[in-house]
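# Descriptive analysis of the structure
Here are the chains, one letter per residue:
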Amino acid sequence: MTAPCPGLPGDPPGGRRAAAVWGVGVGVYFVAIVFRTSLGVAGIDAAERFHINASALSTFSILQLLVYAGMQIPVGLMVDRMGTKKVLALGAVLFTAGQLCFALSHSYAMALAARALLGCGDAMTFISVLRLGARWFPARHGPMVAQVAALFGMAGNLVSTLVLAPLLHSRGWTATFGGSAAAGVVVLVLLLVFLRDHPEGYAPEPAAHPGAGYVRQQITRAWREPGTRLGMWAHFTTQFPAIVFLLLWGMPFLVEAEGLSRETAGRLLTLVVLVNMAVGLVYGQIVARHHAARLPLVLGTIGATALLWAATLAWPGPHAPMWLLITLCAVLGACGPASMIGFDFARPANPPERQGTASGIVNMGGFTASITTLLAIGVILDATDDDYRAAFATFFAVQAVGLAQILRLRERVRRRERERVVASRVETVHVPV
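A few points on the structure. This is a predicted model, so every value here is computed, not measured.

## What to know about the overall build of the protein
Scanning the protein from terminus to terminus reveals 17 helices and 0 strands. Rg of the C-alpha trace for the protein: 21 Å, near the compact-globule value of 22 Å for 433 residues, within the 12% margin. On the principal axes, the C-alpha backbone points of the protein span a range of 70 × 45 × 40 Å. The buried share of the protein, reckoned over its 433 residues, is 56%. In the protein, of all internal contacts separated by at least 6 residues, the share reaching a separation of at least 24 is 84%. Summing over all exposed atoms, the protein offers an accessible surface of approximately 17700 Å²; the carbon and sulfur share of this is 67%. Taking the average location of the 33 positive side-chain charges in the protein and that of its 22 negative ones, the two points are 8 Å from each other.

## A few points about the nonpolar core
Among the nonpolar cores identified, the biggest contains 141 residues, and Trp22, Phe60, Phe245, Trp249, Trp309 and Phe392 are the most heavily contacted of them. With 18 residues, the top contributor of residues to this core is helix H10 (residues 226–257).

## Brief notes about the side chain of Thr228
Here Thr228 is to be found in helix H10. Under the relative-accessibility criterion, Thr228 is labelled buried at 0%. Apart from residues no more than four positions distant in its own chain, Thr228 is found in contact with Ala222, Ala346, Asn350, Ala358, Ile361 and Val362.

## A short note on the packing of helix H1 (residues 16–37) against helix H8 (residues 173–194)
Closest axis-to-axis distance for the H1/H8 pair is 9 Å, and the angle between their directions is 160°. Here H8 runs roughly antiparallel to H1, going by the angle between their axes. By crossing handedness, the relation of H1 to H8 is classed as left-handed. Of the residues in H8, those touching H1 at Val21, Val24, Gly27, Val28, Val31 and Phe35 are Ser180, Ala181, Ala183, Gly184, Val187, Leu190, Leu191 and Phe194. Of the residues that constitute the contact of H1 with H8, the class distribution is 11 nonpolar, 3 polar and no charged.

## Some details on unusual backbone geometry
In the Ramachandran plot, His51 falls in the positive-phi region, its phi being about 55° despite a non-glycine side chain. If you trace the backbone, His51 turns up in the loop between helix H2 (43–50) and helix H3 (54–82).

## Here's the deal with the packing of aromatic side chains
Considering all chains together, one arrives at 24 aromatic pairs under this definition. Ring centres of Tyr29 and Phe126 lie 5.0 Å apart, and the angle between their planes is 40°; this geometry places the pair in the tilted category. Here Tyr29, found in helix H1, pairs with Phe126, found in helix H6 (residues 126–136); they are 97 residues apart in sequence, far enough to count as distant. What makes Tyr29 buried here is its relative accessible area of 8%. Judged by relative accessible area, which is 3%, Phe126 ranks as buried. Both rings, one in Phe35 and one in Phe95, keep their centres 5.6 Å apart while their planes meet at 80°; by these two values the pair is edge-to-face. Pair noted here: Phe35 is in helix H1 and Phe95 is in helix H4 (residues 84–104), with a separation of 60 residues, a long-range link. Residue Phe35 is classed as buried on the basis of its relative accessible area of 1%. Taking relative accessible area as the criterion, Phe95 reaches 0% and is therefore assigned buried. Of the aromatic side chains, those joined through ring pairs into one cluster are Phe240, Phe245, Phe253, Trp309, Tyr388, Phe392 and Phe395. Here the basic side chain of Arg115 rests over the ring of Phe102, its NZ or CZ set 4.7 Å away from the ring centre. When the ring centre of Trp223 is taken as origin, the NZ or CZ atom of Arg229, which lies over that ring, is 5.9 Å away.

## A short note on the pattern of salt bridges
For side chains of opposite charge, pairing can occur when their charged atoms come near one another. Applying the stated criterion across every chain yields a total of 7 salt bridges. Residue Arg416 is joined to Glu225 by a salt bridge in which the shortest nitrogen-to-oxygen separation is 3.1 Å. Of this pair, Arg416 sits in helix H17 (residues 394–430) while Glu225 sits in the loop between helix H9 (211–224) and H10, placing them 191 residues apart in sequence. Across the salt bridge formed by Glu411 and Arg414, the nearest N and O atoms sit 3.5 Å from each other. Taken together, the residues span about one helical turn, with Glu411 and Arg414 both in helix H17 at a distance of 3 residues. Using a relative accessible area of 36% as the deciding quantity, one classes Glu411 as partly exposed. The exposure class of Arg414 is partly exposed, given its relative accessible area of 38%.

## Some words on helix H5 (residues 108–122)
Spanning 15 residues, H5 covers 21 Å between terminal C-alpha atoms, matching the ideal 21 Å at 1.5 Å per step. Burial in H5 covers these residues: Ala111, Leu112, Ala114, Arg115, Ala116, Leu118, Gly119, Cys120, Gly121 and Asp122. Structurally, H5 contributes buried residues whose contacts are with H1, H2, H3, H4 and H6.

## Brief notes about the environment of Phe343
Residue position: Phe343 is located in helix H14 (residues 335–346). Classification of Phe343 by relative accessible area gives buried; the value is 3%. When the C-alpha positions of Phe343 and Ala288 are compared, they lie 13 Å apart, and in sequence the two are 55 residues distant. Among all residues touching Phe343, those that are not within four sequence positions of it are Phe126, Leu130, His235, Ser359, Val362 and Asn363.

## Digging into the packing of H3 against helix H15 (residues 355–383)
H15 packs onto H3 with a crossing angle of 170° between their chain directions and a minimal axis gap of 8 Å. Between H3 and H15, the interaxial angle falls into the category roughly antiparallel. The residue makeup of the contact of H3 with H15, split by class, is 16 nonpolar, 13 polar and 2 charged.

## Description of the state of the cysteines
By the definition in use, this model includes 0 disulfides. For Cys329, which is in no disulfide, the shortest distance to another cysteine sulfur is to Cys335 and amounts to 11 Å.

Cut-offs used in this document
- Every residue gets a number counted from 1 within its own chain, in the order that chain's sequence is written.
- The predicted nature of this model means local features are confined to residues of pLDDT at least 70 and side-chain atom pairs, given and counted, to a pLDDT of 80 or more, with totals for whole chains, interfaces and linings taken over all residues.
- Side-chain metrics in this entry use all non-hydrogen atoms of the structure; hydrogen atoms and water are not considered.
- In DSSP terms, a helix is any run of H or I states spanning at least four residues, a strand is any run of E spanning at least two, and both are numbered starting from the N terminus.
- Within these notes, the globule rule equals 2.2 Å times the number of residues to the 0.38 power, and the radius of gyration is based on C-alpha atoms.
- For the exposure calls, accessible area comes from a 1.4 Å probe over protein chains only, and a residue counts as buried if that area is under 20% of its type's maximum, exposed if over 50%, partly exposed in between.
- Note on contacts: a residue pair qualifies if any of its non-hydrogen atoms lie within 4.5 Å across the two residues.
- Note on areas: Shrake-Rupley with a 1.4 Å probe; residue coverage comes only from the protein chains shown.
- In this charge count, Lys and Arg are treated as positive and Asp and Glu as negative; neither His nor the chain ends contribute.
- Each charge is placed at NZ for Lys, CZ for Arg, CG for Asp and CD for Glu.
- Buried Ala, Val, Leu, Ile, Met, Phe, Trp, Tyr and Cys residues that are joined via side-chain atoms within 4.5 Å together make up what is termed a nonpolar core.
- Fitted lines through C-alpha atoms give the axes, limited to the stretch in contact for helices. The angle between two N-to-C directions lies from 0 to 180 degrees.
- Reported orientations rely on four angle classes, namely roughly parallel under 35 degrees, roughly antiparallel over 145, roughly perpendicular from 65 to 115, and oblique for the rest.
- Helix crossings get a hand from a simple test, with the near helix turned counterclockwise from the far one by less than a right angle marking a left-handed crossing and a clockwise turn marking a right-handed one.
- Here the term charged refers only to Asp, Glu, Lys and Arg, the term nonpolar to Ala, Val, Leu, Ile, Met, Phe, Trp, Tyr, Cys and Pro, and the term polar to all other amino acids, Gly among them.
- Between rings of Phe, Tyr and Trp, where Trp is taken as its six-membered ring, a pair exists when centres lie within 6.5 Å; planes separated by under 30 degrees are stacked, by over 60 edge-to-face, and by other angles tilted.
- Placement of a positive charge over a ring is assigned whenever Lys NZ or Arg CZ falls within 6 Å of the ring centre and within 35 degrees of the normal to the ring plane.
- We count a salt bridge whenever a side-chain nitrogen from Lys or Arg sits within 4 Å of a carboxyl oxygen from Asp or Glu.
- By this rule, a helix spans an expected 1.5 Å times one less than how many residues it contains.
- Any pair of cysteine sulfurs within 2.5 Å is marked as a disulfide.

Here you go:
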């Protein structure tokens, strides 16, 4: 049996075995993202298939994300209590069933139920993968492990754009969505055979779970940490612009408001994903080496996103020029990596037995913002006869709310981190060698 390193008690060693096991978990997350974002390239087709307007179309994504966001704290608690493998397996079963039901749906109500089921399974993946990385890799690799996981998630988005979109127009609705569901079965089998919650010799200490009191305690203690709340608001403010654009409204905006062809719009959506993957690696390296860079990266991304959206929506002509749309999509690509920094505010603020719960709270942020914005855009489009400029102006209101909370909490987090450093030094001095 492998013993923990004396210099880093309980810190797993990483290595090839860790990468292989963690890779299986990332594969499950990858497929979940393919399923989640598949509606983003099928929004116009869905409107025609189910004979629905913009508000009804946005309800698909709103319901899916509402289920996702609502599940985050319960899933965090499940991961802390049950372990990664069981939660990921349940998630794979649910999101695969949801994708298959969506393929067979002929009514709006059935399709809504399918997306809710998919959202429930999807909700169980990312927090589980974060926990898996924390159990298999040293803590110092945390920021990079999280960014690489998100990178593979964005690769799933790329598959939706490059693979599912052409298949949808050549093979049709049922064949495309039904065929893609097979990927869920494949990752479920791999998970059941190969995935392990932790390396041998690194099992966490068993914790008592005194019923409802334990649940309230976990949530309350995680929430009381300023780092958890700052992480949630950072996630809230940075993630939603790209999610809203990729998940539903990017394709209609580029085609109907900006006059682009579907092919050109698809390339711009692909650019968002590619930039996301590249920036994720850069942000991960920066945060791992320079902890103080977390907040400047978050604030810089928020500022750049607001500036580019303002320039695009305020452009005096009927359509923004292509160079501006390309720049906008490139900046949107940085939103996902910036949102991942939110988890790095929460991670050092919470002990290992509370990591799942804290991650769930953080992950609620961006998806709550996305739900709010998706709904607002759909309602405003219907009320203004498809005025996309008015609808997308809601971005600024949501950003303003999140930015105010980030600025309010940042000094509390700095103070708390200084206290932890001082306490750690005192403990080191007094512990016998």
